[in-house]
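Listed below are the residues making up each chain.
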Number of protein chains: 2
Amino acid sequence: MTALHTPFALKLGAFVALSDMELNLLNQLHNRRRTFPARRDMIYEGQVERSAYILASGWVCSYKLLPGGTRQIVDFQIPGDFLGLRSVLFRTADHNIEPITRVKASEVHVQDLLETFNSAPRLAAAVLWAASRDEAMVVEHLVDIGRRDAKQRMAHFLLELGARLKLVGLASNDGYSCPLTQYLLADALGLSAVHVNRVLRELREDGFVTFQLGRVIFDDFDGLVAFCEFDRNYLDHDGPLMK
Amino acid sequence: MTALHTPFALKLGAFVALSDMELNLLNQLHNRRRTFPARRDMIYEGQVERSAYILASGWVCSYKLLPGGTRQIVDFQIPGDFLGLRSVLFRTADHNIEPITRVKASEVHVQDLLETFNSAPRLAAAVLWAASRDEAMVVEHLVDIGRRDAKQRMAHFLLELGARLKLVGLASNDGYSCPLTQYLLADALGLSAVHVNRVLRELREDGFVTFQLGRVIFDDFDGLVAFCEFDRNYLDHDGPLMK
DNA sequence: CGAAGACGCTGATCTGTGTCAGTCAATCCT
DNA sequence: AGGATTGACTGACACAGATCAGCGTCTTCG
């Protein structure tokens, strides 16, 4: 992958055809590179220092802790995604962000972002688009947890993740590699780890998907889509107004 | 309530002290008044015409339909809230909006909004703040449905609603009037209507809240807060950056 | 007026998922 | 090398909440 096609550029490029000039501007956002080890929170609830990042490689999750000690993972972020965009708006972050793997990310100052938007307004639209997509995904998770049973929920989740990864060149319709443990899946889907295991086995025995050894393999992609009523267009909208 | 203190102005005023000039600008947004009857969708999934509204009176809900015929209510909107702000960004709306009662709302054109922001940048920050709060609420609902049992979920929901209504002068710590049916509560909380009924009875018998005849009455506000571990600050943040 | 819907409410029964308790293999640490 | 930790996996059992079936009261409307 050349410098001109970071995951971030790939993602935005899916909605706005990017000129060379715009691509260059995007790449200039990537100068403040930082690395984070797995499992140590990058941003935690109540933190005052506000920083946003663009994920270059690795996976992270954002979650909220409950007094009881359990947690709810709100979403996973994959390369190309923004981290902590909202914590820039509020004085303090309202949720935690934890790397699942070792992570490389570019720190982004609000200032730089605004300057970039100034030089290339179409990029502002693209970023806004991406932010709205993330919000739509949270809504879809709400529907997932509220109204689908465990098996459909898992199926829907694996397909959604696939669609997102495909956008940044990390998945195909065959499958993708995935560092999530069954405990992480449980915290994200509102299930117990034990039940996650059972559901994955059932989906495997049904011949739909196999999730083993860090790889998700779609054995019957169309069947899976039908089974959980996945809406194929839900993540590739028509793009922003200013296309 | 004078024209200078619409619910919308009250809400924004809670985060930015508004000058008379800013109040006037806000009120000018309210000229295109429209009325909607209950139960007929104002905005539906896939609709192309993009319009945003500010709710002046009445209640609405935004929801997503599932192929099976069930639905998940994502959130309720009360006076002072924005409707369909996101549907302005996308070519088509990605969810439905249905009035629960008869509703009065002011149609807002993107153009007017931008001009207002131009004259009073602090209002832009306030609106952004409000939008972020709405997003934070969806996240909280996710936590609700994913990790709290039915009773705590209901308790948390009733308290959250109370906090929002208080902000626009429609509730006190004693209670508020509330047009939601048990079916609506069920669709919002991911429960069956039957179970909603049982949970409400239990909360009443515990001496926490009474929800009857269209009124929510907090019999033991502090007890209820403790019971569902409601975070008193979660909705009154520190305000936006540009305070 | 009477009929038809809403809506609140309840008991009986069924079921999806959680909880508990444990095994096994792989990896990391000292 | 031995011990600790982590993650996948399983069976037995318990329970929260769904589903089914039904009653009663209001409101709406032809």
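Reading the values: the criteria
Residues numbered from 1 in each chain as written. Chains lettered and ligands numbered in written order. Predicted model: local features only at pLDDT ≥ 70, side-chain atom pairs only at ≥ 80, totals over all residues. Heavy atoms only, no water. Near = heavy atom within 4 Å. Polar contact = N/O pair within 3.5 Å; in protein donor to acceptor, adjacent residues only side chain to side chain. Helix = DSSP H or I, 4+ residues; strand = E, 2+ residues; numbered from the N terminus. Nonpolar A, V, L, I, M, F, W, Y, C, P; charged D, E, K, R; others polar. Disulfide = S-S within 2.5 Å. Buried < 20%, exposed > 50% of the residue type's maximum accessible area, 1.4 Å probe, protein only. Pairing = 2+ DSSP bridges. pLDDT = per-residue confidence, 0-100. Contact = heavy atoms within 4.5 Å. Axes fitted to C-alpha atoms, helices over the stretch in contact; angles between N-to-C directions. Parallel < 35°, antiparallel > 145°, perpendicular 65-115°, else oblique. Phe/Tyr/Trp six-rings, centres within 6.5 Å; stacked < 30°, edge-to-face > 60°. Domains from an automatic or database assignment. Salt bridge = Lys/Arg side-chain N within 4 Å of Asp/Glu carboxyl O.

**Side note on the protein's contact with DNA strand D**
Taken together, 17 residues form the shell around DNA strand D, and within it Arg39, Gln182 and Arg201 of chain A together with Ala150 and His195 of chain B come nearest. Taking all atoms of DNA strand D within 4 Å of the protein, the share assigned to sugar and phosphate is 74%. Gln182 of chain A places a polar side-chain atom, nitrogen or oxygen, 2.8 Å from a phosphate oxygen of DNA strand D. Within the side chain of Arg198 of chain B, one N or O atom sits 2.9 Å away from a base oxygen of DNA strand D. For the surface near DNA strand D, the secondary-structure elements that each account for two or more residues are helix H6 (182–189) and helix H7 (193–205) of chain A together with helix H7 (193–205) of chain B. When residues of the surface near DNA strand D are assigned to their parent elements, the largest contribution, 4 residues, is made by H7 of chain A. Residues belonging to the surface near DNA strand D are distributed by class as follows: 5 nonpolar, 7 polar and 5 charged.

**Quick look at the protein's contact with DNA strand C**
In the neighbourhood of DNA strand C, 16 residues make up the surrounding shell, with Leu191 and His195 of chain A together with Arg39, Gln182 and Arg201 of chain B lying closest. If you look at DNA strand C and keep only atoms within 4 Å of the protein, 67% of those are sugar or phosphate atoms. Here a phosphate oxygen of DNA strand C and a side-chain polar atom of Arg39 of chain B are 2.6 Å apart. Between DNA strand C and Asn197 of chain B there is a distance of 3.3 Å, counted from a sugar or linking oxygen to a side-chain nitrogen or oxygen. Put simply, the parts of the chain that give the surface near DNA strand C at least two residues each are H7 of chain A together with H7 of chain B. Here the surface near DNA strand C gets 4 residues from one element, more than from any other, and that element is H7 of chain B.

**Digging into the state of the cysteines**
Residue and element names in this part refer to chain A. Going through the model one piece at a time under the given rule, you end up with 0 disulfides over all chains. No disulfide involves Cys61; its sulfur sits 12 Å from the nearest other cysteine sulfur, which is in Cys178. By relative accessible area, which is 3% here, Cys178 ends up buried.

**Some words on the pairing of strand S7 (residues 103–108) of chain B**
Residues and elements named next belong to chain B. Among the 6 residues of S7, 5 are classified as buried, and the element is accordingly described as predominantly covered. Bridging between strand S1 (residues 33–36) and S7 involves 4 bridges; their strand directions are antiparallel. Across the sheet, residue Arg33 finds its bridge partner in S7, namely Ser106.

**Here's the deal with the confidence of the model for chain A**
Across chain A, the average pLDDT comes to 88, with 94% of residues at 70 or higher. Taken together, the stretch residues 239–243 of chain A has pLDDT below 50 and engages in 18 contacts with residues farther than four places along the chain or on a different chain.

**Comments concerning the packing of helix H6 (residues 182–189) of chain B against H7 of chain B**
Residue and element names in this part refer to chain B. Across the interface, H6 lies against H7 with an axial gap of 8 Å and an inter-helix angle of 105°. With respect to H7, the axis of H6 lies roughly perpendicular. Where H6 abuts H7, its residues Gln182, Tyr183, Leu185 and Ala186 lie against Ala193, Val196, Asn197 and Leu200. Along the lines of polarity and charge, the residues of the contact of H6 with H7 split into 6 nonpolar, 2 polar and no charged.

**With respect to the packing of helix H3 (residues 110–119) of chain A against helix H4 (residues 121–147) of chain A**
Residues and elements named next belong to chain A. Relative orientation of the contacting elements H3 and H4 amounts to 125°, with a least axis distance of 5 Å. With respect to their mutual orientation, H3 and H4 come out oblique. Residues Thr116, Phe117, Asn118 and Ser119 of H3 form the contact with H4, whose participating residues are Pro121, Leu123, Ala124 and Val127. Residues that form the contact of H3 with H4 fall into these classes: 5 nonpolar, 3 polar and no charged.

**Quick look at the sheet that holds S1 of chain B**
Residues and elements named next belong to chain B. Read from one edge of the open sheet, 4 strands run S1-S7-S2-S5, paired in antiparallel fashion. What marks the edges here is a single partner per strand, and that holds for S1 and strand S5 (82–83). The sheet contact formed by strand S2 (residues 52–57) and S5 spans 2 bridges and is antiparallel. Residue pairing for S5: Ile54 is matched across the bridge by Phe82.

**Section: the pairing of strand S9 (residues 209–212) of chain A**
Here is the key point about a regular strand: its side chains alternate between the two faces of the sheet. Residues and elements named next belong to chain A. Relative to strand S10 (residues 215–218), S9 runs antiparallel, the two sharing 4 bridges. The residue of S10 that forms the bridge with Phe211 is Val216. The hairpin formed by S9 and S10 contains 2 residues between the paired strands, and Leu213 there has a positive phi angle of roughly 55°.

**Some thoughts on the packing of aromatic side chains**
For the coordinates displayed, the defined rule picks out 14 aromatic pairs over all chains. When the centroid spacing of 5.2 Å and the interplanar angle of 85° are considered together, the rings of Phe218 of chain A and Phe221 of chain A count as edge-to-face. A relative accessible area of 9% means that Phe218 of chain A is categorised as buried. The class of Phe221 of chain A is buried, set by a relative accessible area of 19%. The interplanar angle of 65° and the centroid separation of 5.8 Å between the aromatic rings of Phe76 of chain B and Phe157 of chain B together place this pair among those described as edge-to-face. Taken together, the positions of Phe76 of chain B in strand S4 (residues 71–77) and Phe157 of chain B in helix H5 (residues 150–167) put the pair 81 residues apart, joining distant regions of the chain. Since its relative accessible area comes to 3%, Phe157 of chain B is described here as buried.

**Thoughts on the environment of Gln212 of chain A**
Position of Gln212 of chain A relative to the elements: it lies in strand S9. Here the alpha-carbon distance between Gln212 of chain A and Glu229 of chain A, two residues 17 residues apart in the chain, equals 24 Å.

**Overview of the domain arrangement of chain A**
When the parts of a complex come together, some accessible area is lost, and that lost area is often used as the size of the interface. All names here are of chain A. Taken as a whole, chain A is organised into domain 1 (3–121) and domain 2 (131–227). Taken over C-alpha atoms, the centre of domain 1 sits 22 Å from the centre of domain 2. Domain 1 puts 19 residues into the contact, and the matching count from domain 2 is 21 residues. Measuring nitrogen to oxygen at the nearest pair gives 3.9 Å for the salt bridge that ties Asp81 to Arg133. Here domain 1 and domain 2 share 8 residue pairs in polar contact (both at pLDDT 80 or more) between them. For the side of domain 1 that touches domain 2, the secondary-structure elements that each account for two or more residues are helix H1 (7–13) and strand S4 (71–77). No other element matches S4, which puts 7 residues into the side of domain 1 that touches domain 2.

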